[in-house]
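Structural characterization, general
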Amino acid sequence: MDTRKLWFGLLTLIASIVLGSFLVTLVSDIDYSAAFLFEYVLVAFGTVIVGYMGVLASQPRPRVLLYVALYIAIVLFGGWITDRSGPAYLIWMGVATIGLPLALLEHRLNTVSHPRAFFRLIQASGTINRQDYETALTQLKLLIAAHPKSAPAHVERGIVHANLGDLDSARADFERAIELRPRFTDAHVNLGVIHTRREAMEDALRCYDAAIRVNPQHGMAYANRGIARAIHGDLRGGLRDVERAVQLQPDRPGTHYVRGCVYTLVHRFVDATNDFEKALSLQPGYHHAEAGLAVAYYLQGGELNASEARRIWQDLTAKEPRYNDGDWLRTELGWSQPLVEAARKVIALT
């Protein structure tokens, strides 16, 4: 057993007893000598169950629900067997009131294996948001070395590897996260993105299907499945998925960006332009959306649109020269051949 979880479970146990007893003391003037010994034994047994729940709180959700049901059953049994006017009953009710929320809080923290890892993960996520991927990679390597069973840490490191172009390492991290937490939606979605970038569309679709089975309200799972379907030739299914994605998450720039890509593939260039502009209004400086917007303007035809496409592309590549590499666009953005070919024509204008 992980000793860190054991100690945290014991802390949950102690906090339950101390806070529960203090709560009872505040609301009741009790005589602790009035209870029978077996009542105190029962209270001790119940509080051990609270601590044991804390130790095992990182288990999969169905098992945690089993512990909660067991806990409630013991609370009811304790209330039935003890003298309801005695001190043991009052202490027991106080422990029951405090212990379960503490154990459930611990379950939440233990989704990253340890509460300290939770805060380190927040720090690494902030570094990723600043696009300082090398520093984030160092932070996450240290975090995973200390907490190798932290599925979210593996997902974050996979995202960093993907942004650094190391798709093999990214895939390994996402697969490890799924092994640790099979119902981890973001792990399935990100693994699907890696398969999309590798042009392994059937594998990508399986990942997105798995994510949607776990969480039917996950907008980016629909969005990514939509672009994968469209690239795979199922344009109608792709459109249906991206429309659902925007419906679920209308304020997320990624859903509008992906729908814009699918609209481009089905030659709805004005709609695509609107979606890319919406993504940029939600997230100014969103480079992928800027690239999509330039392509959508170019494909609308006409000198004015071509001029606007050239201006957007020049501004984009001044900030990020890699967008002038068509092969990089295909592997990094997961763009299909028609989008890459259109991008090459825009590049030629500049």
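Residues numbered from 1 in each chain as written. Predicted model: local features only at pLDDT ≥ 70, side-chain atom pairs only at ≥ 80, totals over all residues. Heavy atoms only, no water.

1. Looking at the nonpolar core
Counting residues in each nonpolar core, the largest one holds 50 residues, and the members touching the most others are Tyr-257, Trp-313, Tyr-323, Leu-329 and Trp-335. With near-sequence residues (within four places) excluded, Trp-335 lies in contact with Tyr-257, Cys-261, His-288, Ala-291, Gly-292, Val-295, Leu-329, Arg-330, Val-340 and Ala-343. The next biggest cluster of nonpolar side chains, apart from the first, holds 13 residues, and it includes Leu-167, Ala-170, Ala-187 and Leu-191. (Core = buried A, V, L, I, M, F, W, Y, C linked by side-chain atoms within 4.5 Å. Buried < 20%, exposed > 50% of the residue type's maximum accessible area, 1.4 Å probe, protein only. Contact = heavy atoms within 4.5 Å.)

2. Description of the packing of aromatic side chains
Inspection of every chain in the model, using the stated rule, returns 3 aromatic pairs. Plain terms: the ring middles of Tyr-257 and Phe-276 are 6.0 Å apart, the flat faces sit at 50 degrees to each other, and that makes the pair tilted. Within this pair, whereas Tyr-257 is found in helix H13 (residues 253–265), its partner Phe-276 is found in helix H14 (residues 269–282), the two being separated by 19 residues in sequence. Relative accessible area serves as the criterion here: at 7%, Tyr-257 is assigned to the buried category. The interplanar angle of 70 degrees and the centroid separation of 4.9 Å between the aromatic rings of Tyr-323 and Trp-328 together place this pair among those described as edge-to-face. Each member of the pair Tyr-323 and Trp-328 is classed as buried. An aromatic cluster is present here, built from Tyr-257, Phe-276 and Tyr-286 joined pairwise through their rings. Above the plane of the ring of Tyr-222 lies Arg-244, whose end atom (NZ or CZ) is 5.9 Å from the centre. (Phe/Tyr/Trp six-rings, centres within 6.5 Å; stacked < 30°, edge-to-face > 60°. Helix = DSSP H or I, 4+ residues; strand = E, 2+ residues; numbered from the N terminus. Lys NZ or Arg CZ within 6 Å of the ring centre and 35° of its normal.)

3. Quick look at helix H9 (residues 185–197)
Given 3.6 residues to a turn, an α-helix orients residues that are three or four positions apart in the same direction. Taking 1.5 Å of rise per residue, the 13 residues of H9 would be expected to cover 18 Å, and the 19 Å separating its terminal C-alpha atoms lies within 8% of that figure. Burial of H9 is extensive: 11 of the 13 residues sit out of reach of the surface. Buried within H9 are the following residues: Thr-185, Ala-187, His-188, Val-189, Asn-190, Leu-191, Gly-192, Ile-194, His-195, Thr-196 and Arg-197. Contacts from the buried residues of H9 go to helix H7 (151–163), helix H8 (167–180), helix H10 (201–214), helix H11 (219–231) and helix H17 (326–333). Of the residues trailing H9, Glu-199 is marked for its positive phi of about 65 degrees. (Expected span 1.5 Å × (residues − 1).)

4. Quick notes on the environment of Val-340
Of note, Val-340 is situated in helix H18 (residues 337–349). When the C-alpha positions of Val-340 and Asp-325 are compared, they lie 9.6 Å apart, and in sequence the two are 15 residues distant. Not counting residues within four places of it along the chain, the set of residues in contact with Val-340 comprises Gly-326, Arg-330 and Trp-335.

5. Considering H7
In this model H7 runs 19 Å from its N-terminal to its C-terminal C-alpha over 13 residues, within 8% of the 18 Å that 1.5 Å per residue would give. Judged by how many residues are buried, H7 sits mostly within the fold: 11 of 13 residues are covered. In the segment just after H7, Gly-165 is the residue with positive phi, at about 85 degrees.

6. A short note on the packing of H17 against H18
For the pair H17 and H18, the least separation of the axes is 9 Å and the interaxial angle reads 145 degrees. Every pair of crossing elements has a handedness; the one defined by H17 and H18 is right-handed. Residue-level inspection shows Gly-326, Asp-327, Leu-329 and Arg-330 of H17 in contact with H18, the latter providing Gln-337, Val-340, Ala-343 and Arg-344. Across the contact of H17 with H18, the residue classes tally to 3 nonpolar, 2 polar and 3 charged. (Axes fitted to C-alpha atoms, helices over the stretch in contact; angles between N-to-C directions. Left-handed = near helix turned anticlockwise from the far one by under 90°. Nonpolar A, V, L, I, M, F, W, Y, C, P; charged D, E, K, R; others polar.)

7. Considering the confidence of the model for the protein chain
Averaged over the protein chain, the pLDDT score is 79; the fraction of residues at 70 or greater is 66%. By mean pLDDT, the top-scoring element of the protein chain is H14 (97), and the lowest-scoring one is helix H2 (residues 37–55) (51). Across residues 23–40, confidence stays below pLDDT 50; counting only partners more than four residues off in sequence or on other chains, it has 26 contacts. The low-confidence segment residues 54–63, where pLDDT is below 50, has 21 contacts with residues more than four positions distant or belonging to other chains. (pLDDT = per-residue confidence, 0-100.)

8. Description of unusual backbone geometry
Unlike most non-glycine residues, Gln-131 shows phi in positive territory, near 65 degrees. Within the fold, Gln-131 resides in the loop between helix H5 (115–129) and helix H6 (133–146). Of the residues examined, Gln-131 reaches a relative accessible area of 56% and is grouped as exposed. In this structure, Glu-199 takes a positive phi of about 65 degrees despite not being glycine.

9. Some details on the environment of Tyr-208
Turning to its location among the elements, Tyr-208 is positioned in helix H10. By relative accessible area, Tyr-208 is classed as buried at 0%. For the pair formed by Tyr-208 and Val-189, sequence separation is 19 residues and the distance between their alpha carbons is 5.6 Å. Of note is the side chain of Tyr-208, whose polar atom sits 3.0 Å from the backbone oxygen of Gly-192. (Polar contact = N/O pair within 3.5 Å; in protein donor to acceptor, adjacent residues only side chain to side chain.)

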